[in-house]
Amino acid sequence: MTLPEDFINLVGPVMGQRLFAGLRRGLDAEPVVSIRLNAVKRPAAGLRVDGASECVEWCKDGFYLETRPNFTFDPMMHAGMYYVQEASSMFLDHVLRRCLDSRPVRMLDLCAAPGGKSTVARAVLPQGSLLVSNEPLRPRAQVLAENMQKFGHPDVIVTNSYPQDFGRSGLCFDVMLADVPCSGEGMFRKDSEAVAAWSMQAVEKCSALQREIVAEAWPCLRPGGLLVYSTCTFNTKENEENVKFICEELGADVIDVGAEVSWGITGSLLSGFDVPVYRFIPGITKGEGLFMAVMRKHGQAGSSIAGDDEETSGNVRKAGKSLLRRNKNTVKPRFDNAKPNPARWLASPEEYEVTVCGDILTAVPRSWIDTYVIAEAGLKVMTAGVPLGKIKGKDVIPAQGLALSAAFSADAFCPADLDYYGAINYLRREAVILPPQMPRGYILVRYKGMPLGFVKNIGNRANNLYPAEWKIKSTHIPEGGCCVVEPK
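### Comments concerning the sheet that holds strand 18 (residues 395-398)
One open sheet accounts for four strands, arranged 14-15-17-18; its pairing is antiparallel. Both outer strands of the open sheet, strand 14 (352-357) and strand 18, are each paired with one neighbouring strand and no more. Averaged over all adjacent pairs, the angle separating strand axes in this sheet is 30 degrees, with direction ignored. As paired strands, strand 15 (residues 360-365) and strand 17 (residues 386-392) are joined by four bridges and run antiparallel to one another.

This is the structure we're talking about:
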């Protein structure tokens, strides 16, 4: 690979001869392929990974694959049973396991699209925790919303807002992940356009933007809270120098989360700034380029990170209850006898409040309904909790996110199991042929027992309800199909 001369002059001296030579070898090698299983939706018998070569050492659900399959044509990926993610990014699993105990927290993923690190976080966060997964750019936020619905955890809010919106929202978080936009050096091996687009001007621009993003959201991180700062670059301007800025100007201390020597992770490269940070270098570590640092905001955290007895948490609950009183028409809608009550489609409906926005019904866990109402008032909420459906006349059309949610009741709809080619047809939003004994109405279609979505059986045909924006657009099917994971 031909690297920009300015990149060589910027990164080469700080890495030193050994590390930079390893980076160059790594960039000339084929990228490794890895996936992470979705523990939230794992069947009781577990999943088998086809073509797995070894596990990712810092993430127990991560696996390297021997070759790269055509993931688009694996129904199990669309069912949310696994996420295609490069291994270095899975280090967040290790970070959160080292930093959190069993007490619930509220976490904000500030720049989350397409959702890889959000799904890592939500799989690791203690039971009862809430994740707000945000993306400022609308098209990317739509991709994020799709991926988080496929992941299926009900304790998630997906938003499309800017960092300053969170800073003035009144919400407080115990953990904040800032996987900030960067100059993309860590993607050189996978994306030739990243090499062509790189420049010193881009590095300087990104460095300033990264500081701005963290500073604008800083007020919503509670005292004693954790900031996980991450980029996919190698240079120190976007990494160590920004960590130093956050510590000195905003008020934080870098904390050590530990790493095994065998993992090949590189520490700080900034002279005079010897703190525990974690840099993944292709050719040195088995993954793409990544930098991560963990900081604790100055101030007293209280008896727990979540600290339900803390003044700030009490203020959030008080504000949420006040908004609930003023907006009670948006919560607990009444259903007459002609309409099905979609709360019955959940495994534990008593744990949720059903909210209505226009004709869209959503089930929000009661444990964080106050946070949801505040988010609705000050942020652009795309999805939250469990999407239930859309009111159409006297009917409620079940939502795609309902079928993929871990909170969905398996007995709520009559199921129809499809073979591989039937599943691909469904995911293309093409016609699906149901067995003749299927009842009329909404049918849950599955592949190998895993929900894919809904169709409406009207007798002579079944209307495919898979979202048009999610469908597989290619007409090609790889020979022999594709099935990366399957139930044991």
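### Some thoughts on the packing of aromatic side chains
Counting across every chain of the model gives 19 aromatic pairs. Judged by centre distance (6.4 Å) and plane angle (40 degrees), the rings of Phe-7 and Phe-20 are tilted. A relative accessible area of 0% places Phe-7 in the buried class. Looking at Phe-20, the relative accessible area reads 9%, which means it is buried. Looking at Lys-286, its charged tip hangs above the ring of Tyr-64, at a distance of 4.4 Å from the centre.

### Side note on the confidence of the model for the chain
Residue-level pLDDT values for the chain average 91, and 92% of them are 70 or greater. This stretch, residues 302-313, has a pLDDT under 50; its non-local contacts, to residues over four places away or in other chains, come to 25 contacts. Below pLDDT 50 for its whole length, residues 322-338 participates in 24 contacts with residues either more than four positions away or in separate chains.

Conventions adopted
Residues numbered from 1 in each chain as written. Predicted model: local features only at pLDDT ≥ 70, side-chain atom pairs only at ≥ 80, totals over all residues. Heavy atoms only, no water. Pairing = 2+ DSSP bridges. Helix = DSSP H or I, 4+ residues; strand = E, 2+ residues; numbered from the N terminus. Axes fitted to C-alpha atoms, helices over the stretch in contact; angles between N-to-C directions. Phe/Tyr/Trp six-rings, centres within 6.5 Å; stacked < 30°, edge-to-face > 60°. Buried < 20%, exposed > 50% of the residue type's maximum accessible area, 1.4 Å probe, protein only. Lys NZ or Arg CZ within 6 Å of the ring centre and 35° of its normal. pLDDT = per-residue confidence, 0-100. Contact = heavy atoms within 4.5 Å.

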